[in-house]
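Take a look at the letters that make up each chain.
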Amino acid sequence: MDYLILFLLGLAVGSFLNVVVYRVRHGDSALRGRSYCDYCKVKIAWYDNIPLLSFLLLKGRCRKCKRKIPIEYPLTELVIGMEFVWIYWLLTVNFRFFGSWEGFYSLALLLYWLILFSGSLAIAYFDQKYMLIPDQIVWPLIAVSIIRLFFSHQWLVLLVGLLSAGFIWLIRLVSKGKMGDGDILLALLLGLVLGWPRIVVAYFLAFLTGATVGTILILIKKKKFKDRIAFGPFLLLGMIIAKLWGGIIWQWYQKVLLF
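Cut-offs and rules
- Residues numbered from 1 in each chain as written.
- Predicted model: local features only at pLDDT ≥ 70, side-chain atom pairs only at ≥ 80, totals over all residues.
- Heavy atoms only, no water.
- Helix = DSSP H or I, 4+ residues; strand = E, 2+ residues; numbered from the N terminus.
- Buried < 20%, exposed > 50% of the residue type's maximum accessible area, 1.4 Å probe, protein only.
- Contact = heavy atoms within 4.5 Å.
- Areas by Shrake-Rupley, 256 points an atom, 1.4 Å probe, with all protein chains shown as cover.
- Expected span 1.5 Å × (residues − 1).
- Salt bridge = Lys/Arg side-chain N within 4 Å of Asp/Glu carboxyl O.
- Disulfide = S-S within 2.5 Å.
- Axes fitted to C-alpha atoms, helices over the stretch in contact; angles between N-to-C directions.
- Parallel < 35°, antiparallel > 145°, perpendicular 65-115°, else oblique.
- Left-handed = near helix turned anticlockwise from the far one by under 90°.
- Nonpolar A, V, L, I, M, F, W, Y, C, P; charged D, E, K, R; others polar.
- Lys, Arg positive; Asp, Glu negative; His and termini not counted.
- Polar contact = N/O pair within 3.5 Å; in protein donor to acceptor, adjacent residues only side chain to side chain.

### Digging into the overall build of the chain
Check the secondary structure of the chain and you find 10 helices and 0 strands. Among the 259 residues that make up the chain, the fraction classed as buried is 41%. When contacts within the chain are restricted to residue pairs at least 6 apart in sequence, long-range pairs at least 24 apart make up 66% of them. As displayed, the chain has an accessible area near 15600 Å², and 69% of this comes from carbon and sulfur atoms.

Shown next, in the form of structure tokens:
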């Protein structure tokens, strides 16, 4: 029952993130007005706006103009729904989270993880598609991460966040603007979320995966050497892996280095 409730909640959050991404891109308010069709601009009735289910019942087409609904909308809802279930499973089964923390704090921390991972997916998608990191998503994640410090009291991560942002700012300066202001904000978020030494793991993974994918794209002639690629998804991938398994990776690295 817990998994079902979280999956349905994830579908709803995924639907909301679809609206946020679309409206941010088109300069609309993400919190004002009902959803409407991308093509005919007719407002969508509530019974046609049920996450995932409405897409299936309408056979992937708008009720009014019959144009195809972009498949990315139900896929985002499905991915976020599965992500909610996966995170809860990780915390309860692998990390035995609720065996260590009880009551309000455990639920608040679960909510923090869900917000962090969902927002990260939305930012990664937006950056990959539009080469832009939306302030409307990254700033709330930064705010939530700072609020969490009042419970964890790990204030040293503020310094890690500032150093992380400064690191990307220096890279932006040296690379003559190949990284944007959004990457600096994202670096601040990484520092606040991970602290030391997980931030090192995140950057190592981000640069490794980014360089690998970039090389592959050049070899298959999808990109040229001077072309830009979205670095935000790689930073966020590094953050997620470091958040979950950064401690284990760091210990392994230390053993290999000492050896």
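### A word on helix α7 (residues 156-174)
Relative to the 27 Å expected for 19 residues at 1.5 Å per residue, α7 spans 28 Å between its end C-alpha atoms, a close match to the ideal helical length. Where α7 is buried, its residues meet α6 (135-152), α8 (181-194) and α9 (198-219). Lys176 occupies a position one or two residues after α7 and carries a positive phi of about 60°.

### Topic: the pattern of salt bridges
In this structure the tally under the stated criterion is 2 salt bridges. The closest approach of N and O atoms between Glu72 and Lys129, which form a salt bridge, is 2.9 Å. In this pair, Glu72 is assigned in helix α3 (residues 72-94) and Lys129 in helix α5 (residues 104-130), connecting sequence segments 57 residues apart. You can call Glu72 partly exposed: its relative accessible area is 26%. The class for Lys129 is partly exposed, based on a relative accessible area of 41%. With a shortest N-O distance of 3.4 Å, Asp181 and Arg172 are connected by a salt bridge. The exposure class assigned to Asp181 is exposed, which follows from its relative accessible area of 53%.

### Details of the state of the cysteines
The tally for this structure, following the rule as stated, stands at 0 disulfides. No disulfide involves Cys62; its sulfur sits 3.7 Å from that of Cys65, the nearest cysteine.

### Notes on unusual backbone geometry
Here Trp196 and Pro197 are connected by a cis peptide whose omega angle stands at 10°. Checked against the element boundaries, Pro197 lands in the loop between α8 and α9. Even without glycine at this site, His153 takes up a positive phi of about 60°. Relative to the helices and strands, His153 is located in the loop between α6 and α7. For His153, a relative accessible area of 56% puts it in the exposed group.

### Some details on the packing of α7 against α9
Following both chains from N to C, one finds α7 and α9 inclined at 25°, their axes separated by 12 Å at the closest point. Classified by the angle between their axes, α7 and α9 sit roughly parallel to one another. Here α7 and α9 pass one another in a crossing that is right-handed. Of the residues in α9, those touching α7 at Val160, Ser164, Phe167, Ile168 and Ile171 are Ile199, Tyr203 and Phe207. Class assignment for the residues of the contact of α7 with α9 results in 7 nonpolar, 1 polar and no charged.

### A word on the side chain of Glu83
Along the chain, Glu83 falls in helix α3. At 13 Å, Lys243 is the nearest oppositely charged side chain to Glu83, a buried residue that forms no salt bridge. Of the polar contacts made by the side chain of Glu83, one reaches the backbone nitrogen of Ser118; its length is 3.2 Å. When sequence neighbours within four positions are dropped, the list of residues in contact with Glu83 reads Leu114, Phe117, Ser118 and Leu121.

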